[in-house]
Structures are given as structure tokens and as C-alpha cells.
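The primary structure of each chain is shown beneath.
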Amino acid sequence: MIKRASFLIIVISLALFFFGCSNLHKNRDVLYQTSTINALLEGVYDGDITFHTVKEHGDFGLGTFHALDGEMIALDGHFYQIKSDGRAYPVDASMKTPFAVVTFFEPDQTTSIDKQIDYKDLEGYLDSILPTENIFYAIRLKGTFSYIKARSVPKQNKPYPPLVEAAKHQKIFEFHDVKGIIVGFRLPQYMKGINVPGYHLHFITDDRKAGGHLLACTIKSVQVEIDYTNKFHMVLPEKDAFYNLDLTKDKHNQLDKIEK
Ligand code: ZN
């Protein structure tokens, strides 16, 4: 009788375990983001969410840090902080972010590019192979680049300036014939104000020692992986700095200046 009871317990536990796993799997095609891009444009740079929490929602993505202290890039579950010296540092789980975008990366489409194309051509090429403009895509490009132009921003002090002002002090890093990985997203135009519509990409070298927010590139030879994502989870700051913002204005001109 005892044997039979323990057998039943094992069967029930296994059923619960597999049910849990399948549920977990269902929740992996979710774009998770903290705060909004327009709040960042307005200078809301205080970290709100720890990377411990961010990691629960993805192993891949980009963002920034408390006080706008560098560019964040995440891949294969490893999170890096690219400071304004251009170097990549490991991110501690206790550090906080005012803006991050992550997902669990599981590619639905793979292809390769084996010719010299620049950022604009890359955007055109990716647009031509995607099935629709209306869902979210996580994108990973791994390979060799003839040229990379990346940037990072120095840590800001209070009172925080708006992002257009902070970005004037950005540091530019150039790489030639470099092996590395581009990580980022293509989001629909209707995400305007919430996140960056179109392409937003960050770069890190193969040895994970340097990188930044991608400003320009020339591809030599890369493997392209694209993860189709159709769910969205946004967490807003519960702070006066966010509550008191006027987020009714269209800021896309400011965003264009900063992102490219
Ligand atoms: Zn960026």
C-alpha cells in the first residue's frame, strides 16, 4: 500500500514537473522591458529593477544602467556593462537598470550574409526576409565585421540631463576586421514612445571585452538568427520621477539623433 502511494506521488510530481516545463516554454517568446524609452529620453536614469529580476525574464537583450552608466548587452545568459572606456564588465545581479529589453533567445529563422554590406543595407536585407513588420524580433548576428562603430555614454549626475544632452558626451569606439556578436531587436513603428521602433542593436567582441551601442557597421560574413516574438511584458517605475513626467509628446526626432 505504501509502495503504491509513493508510486502515485512520483507520477503526480512528474506530471506537475512537465506541466511546469511546458508552461515555462510558452512564456519564453515574451519581450520584457522596464520603463519606456521616452522616460529615458526625459532623463529618468535611476535604476528601478535589479538584473536579478531582469535575468528571470530573458537571457538576451540590451539596455542601460543606473545613472546611464554604460550600455548593456546580454547573450547566452551573460550580462555585460560596456562603460564609457569601451570595455565590457560583467554585470552583478544586484545592479539596477532604468531601461532594459530582454527575451529568451530561441531562433525561428537562420540565414547568413557573406558580402560587404553596411548598416542601412543590413536593415533592408533583414526587412526583406521577415514575414511581417507587426511583431517583435530578437536578432543575433555572429561573425566577422570589416568595420564597427559603437558608442557608450558616461555615468550621469543629478539633476540628470535629458538623453540628447547626455549623448553629446558619448564616447565612440571603432573596430576593424573584428569578430563579434550583434544583439538587438526590430520593433514595429507602433512601439513609438514605448521602445525604439525599427532596429536597435548593440555589439560585443568575440572575447567579450569591448563593444557598445551600434552606430555603424560593415558586415563581412555573419550568421543571422532571428527569434519571432509575439508577447510583450512591460514594467513601469513606481516613482515620482516617472509619475510626474509629461509623456504625451512625440519624441521620435530626439530618438533619431541619439540612436544612429
Ligand atoms: Zn542602445
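Located above this text is the structure these notes cover.
This section reports on the structure supplied with the text.

Reading guide: rules and limits
Residues numbered from 1 in each chain as written. Predicted model: local features only at pLDDT ≥ 70, side-chain atom pairs only at ≥ 80, totals over all residues. Heavy atoms only, no water. Helix = DSSP H or I, 4+ residues; strand = E, 2+ residues; numbered from the N terminus. Rg over C-alpha atoms; globule rule 2.2 N^0.38 Å. Buried < 20%, exposed > 50% of the residue type's maximum accessible area, 1.4 Å probe, protein only. Contact = heavy atoms within 4.5 Å. Areas by Shrake-Rupley, 256 points an atom, 1.4 Å probe, with all protein chains shown as cover. Donors = N, O, S within 2.8 Å, 3.2 Å for Na, K, Ca; no water. Polar contact = N/O pair within 3.5 Å; in protein donor to acceptor, adjacent residues only side chain to side chain. Salt bridge = Lys/Arg side-chain N within 4 Å of Asp/Glu carboxyl O. Phe/Tyr/Trp six-rings, centres within 6.5 Å; stacked < 30°, edge-to-face > 60°. Pairing = 2+ DSSP bridges. Axes fitted to C-alpha atoms, helices over the stretch in contact; angles between N-to-C directions. Core = buried A, V, L, I, M, F, W, Y, C linked by side-chain atoms within 4.5 Å.

## Quick look at the overall build of the protein
Helices and strands together make up the secondary structure of the protein, namely seven helices and 15 strands. The C-alpha radius of gyration computed for the protein amounts to 20 Å, which stays within 12% of the reference 18 Å derived for 260 residues, consistent with globular compactness. Along the first, second and third principal axes, the C-alpha set of the protein runs to 75 × 50 × 35 Å. Here the protein holds 260 residues, and the buried ones make up 49% of them. Long-range contacts, defined as pairs at least 24 residues apart, comprise 79% of the intrachain contacts of the protein with a sequence gap of at least 6. Here the protein displays about 12900 Å² of accessible surface, and carbon together with sulfur accounts for 55% of that area.

## Side note on the coordination of the zinc ion
Protein coordination at the zinc ion: the donors are H200 (NE2), H202 (NE2) and H213 (ND1), at 2.0 to 2.1 Å from the metal. Spacing between the donor residues of the zinc ion along their common chain follows H-x1-H-x10-H. H200 sits in the buried class, given a relative accessible area of 8%.

## Observations regarding the side chain of R140
Assignment of secondary structure puts R140 in strand β11 (residues 136-152). There is a polar contact of 3.1 Å between the side chain of R140 and the side chain of D76. When near neighbours in sequence (up to four residues on either side) are disregarded, R140 contacts F60, D76, F105, I181, I182, Q223, V224 and E225.

## A closer look at the pattern of salt bridges
According to the stated counting rule, one finds 14 salt bridges in the structure shown. The salt bridge partner of R28 is E106, with a shortest N-O separation of 2.5 Å. One end of the pair, R28, is in the loop between α1 (2-26) and β1 (30-34); the other, E106, is in the loop between β8 (100-103) and β9 (109-113), with 78 residues separating them in the sequence. By relative accessible area, R28 is classed as partly exposed at 22%. Taking the relative accessible area as the measure of exposure, E106 reaches 25% and is therefore partly exposed. Ionic pairing is found between R140 and E225, a salt bridge with its closest N-O pair at 2.9 Å. Residue R140 is found in strand β11, and its partner E225 is found in strand β14 (residues 211-229); the two are separated by 85 residues along the sequence. For the pair R140 and E225, one class covers both residues: buried.

## Concerning the packing of aromatic side chains
Enumeration over the complete set of coordinates arrives at nine aromatic pairs. Judged by centre distance (5.2 Å) and plane angle (35°), the ring pair of F51 and F65 falls under tilted. Placement of F51 in helix α3 (residues 51-55) and of F65 in the loop between β3 (60-64) and β4 (71-75) is noted, with a sequence separation of 14 residues between them. With respect to burial, F51 and F65 carry one shared label: buried. For the pair F51 and F79, a centre-to-centre distance of 5.9 Å together with 70° between the ring planes defines the contact as edge-to-face. Placement of F51 in helix α3 and of F79 in strand β5 (residues 78-82) is noted, with a sequence separation of 28 residues between them. Judged on exposure class, the residue F51 and its partner F79 are both buried.

## Some points on the sheet that holds β4
Reading across the sheet, the seven strands line up as β6-β5-β4-β3-β8-β1-β15 and stay open at both edges, with mixed pairing between neighbours. Each edge of the sheet is formed by a strand with only one pairing partner; in this case those strands are β6 (88-90) and β15 (231-235). Averaged over all pairs of adjacent strands, the angle between their axes in this sheet comes to 20°, without regard to strand direction. Note: β1 against β15, five bridges, orientation parallel. Bridge pairing links Y32 to H233 in β15.

## Examining the side chain of R151
Structurally, the position occupied by R151 is in strand β11. A distance of 2.9 Å separates a polar atom in the side chain of R151 from a polar atom in the side chain of Q170. At 2.9 Å, the side chain of R151 and the backbone oxygen of I258 are in polar contact. Setting aside chain neighbours within four positions, we find R151 in contact with E71, Q170, K171, I172, F173, G212, H213, L215 and I258.

## Digging into the nonpolar core
Ranked by internal contacts, the top residues of the largest apolar core, which has 34 residues, are L40, Y45, L68, L163, F185 and I204. Counting 26 residues, the second largest nonpolar core, distinct from the first, contains Y137, Y199, F203 and A210.

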